[in-house]
Amino acid sequence: MDRIDKHILSLLQKDARLSTADIADRVGLSASPCARRIKKLEEEGVIAGYQAKLSKPAIGVGMTVFVEVSLNNHQAASIDAFEQAILEMGEVTNCHVVSGAYDYLLEVVSQDLTGYESFTRKLQRLDNVKDIHTHLAIRQVKESSELPVFT
């Protein structure tokens, strides 16, 4: 991946609706070679997809919560069952396996505190959940969907 590919990726991360002609102009290529580069980045899986960024307030998301989850046991079947349940919960926007005092860190969105309480009840009903610790997000300092390109 050269500097032009990295520049293309940077532009697409900022605005995926840019036309190939606009991208080509900004990176100093003609449209055809630029389109070939974008297609190659898609085929190689560097570009995993395109999506719209939604406004949380406009769609009724009033709060973000970070939830630490510890499991009762770490047998493969239990982990698989927990992770499958998390995949099916729309409120969970991100889920990470982490090291340290707990097993998972979830990012959860909700309309309000009542909605979050409903979510925690679903989470508590899962057989393998031992402990849940909640951290309410007061204010977001930085939000970025852009990733640095290291290669």
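The residue count restarts for each chain, going from 1 along the sequence in the order it is written. Given that this is a predicted model, residues contribute local features only at a pLDDT of at least 70 and side-chain atom pairs are listed and counted only at 80 or more, while totals for whole chains, interfaces and linings are drawn from all residues. Hydrogen atoms and water are omitted, and side-chain values are computed over all heavy atoms in the structure.

### Overview of the pattern of salt bridges
Salt-bridge detection follows one rule: a side-chain nitrogen of Lys or Arg within 4 Å of a carboxyl oxygen of Asp or Glu. Using the criterion set out here, one finds eight salt bridges in the structure. In this structure, the salt-bridge partner of Glu146 is Lys14, at a minimum N-O distance of 3.3 Å. On the criterion of sequence distance, the pair formed by Glu146 in the segment after β4 (129-136) and Lys14 in helix α1 (residues 3-14) is long-range, its members being 132 residues apart. Using a relative accessible area of 33% as the deciding quantity, one classes Glu146 as partly exposed. Relative accessibility decides the category of a residue: with a 1.4 Å probe and only protein chains considered, values under 20% of the type maximum give buried, values over 50% give exposed, and everything between is partly exposed. Judged by its relative accessible area of 54%, Lys14 falls in the exposed class. Between Glu43 and Lys39 there is a salt bridge, with its nearest N and O atoms 3.3 Å apart. A residue pair is termed a helical-turn pair when its members lie 3 or 4 positions apart in one helix, as Glu43 and Lys39 do in helix α3 (residues 31-43) at four residues. Using a relative accessible area of 49% as the deciding quantity, one classes Lys39 as partly exposed. Helix numbering and strand numbering both begin at the N terminus, where a helix is a DSSP run of H or I of at least 4 residues and a strand a DSSP run of E of at least 2.

### Quick word on the domain arrangement of the protein
Structurally, the protein comprises domain 1 (3-44) and domain 2 (56-137). These domain boundaries are the output of an automatic or database domain assignment. The C-alpha centroid of domain 2 is placed 37 Å from the C-alpha centroid of domain 1.

### Re the layout of surface pockets
Estimated volume of the largest pocket: approximately 1,600 Å³. Definitions used for this entry: grid spacing 1 Å over protein atoms alone; cavity, a set of points where a 1.4 Å probe fits but cannot get out; pocket, an open set with protein on both sides within 12 Å along at least 5 of 7 lines; lining residue, one with an atom within 4 Å of a point. Forming the walls of the largest pocket are 39 residues, and the residues nearest its centre are Gln51, Lys53, Ser144, Ser145 and Glu146. With four residues, α1 is the single largest residue contributor to the lining of the largest pocket. Side-chain classes are defined by residue name, with Ala, Val, Leu, Ile, Met, Phe, Trp, Tyr, Cys and Pro counting as nonpolar, Asp, Glu, Lys and Arg as charged, and the others, Gly among them, as polar. Within the lining of the largest pocket, the residues separate by chemical class into 20 nonpolar, ten polar and nine charged. Grid points are joined across faces, edges and corners, and a volume is the space filled by probe spheres set on the points.

### Points about the UniProt feature "domain: HTH asnC-type" (unreviewed entry) in the protein
UniProt positions are given in the numbering used here, feature names are shortened, and annotations may be inferred rather than shown by experiment. This chain's UniProt record puts "domain: HTH asnC-type" (unreviewed entry) on residues 1-62. Between the C-alpha atoms that bound residues 1-62 the distance is 40 Å, and the span itself is 53% helix and 0% strand.

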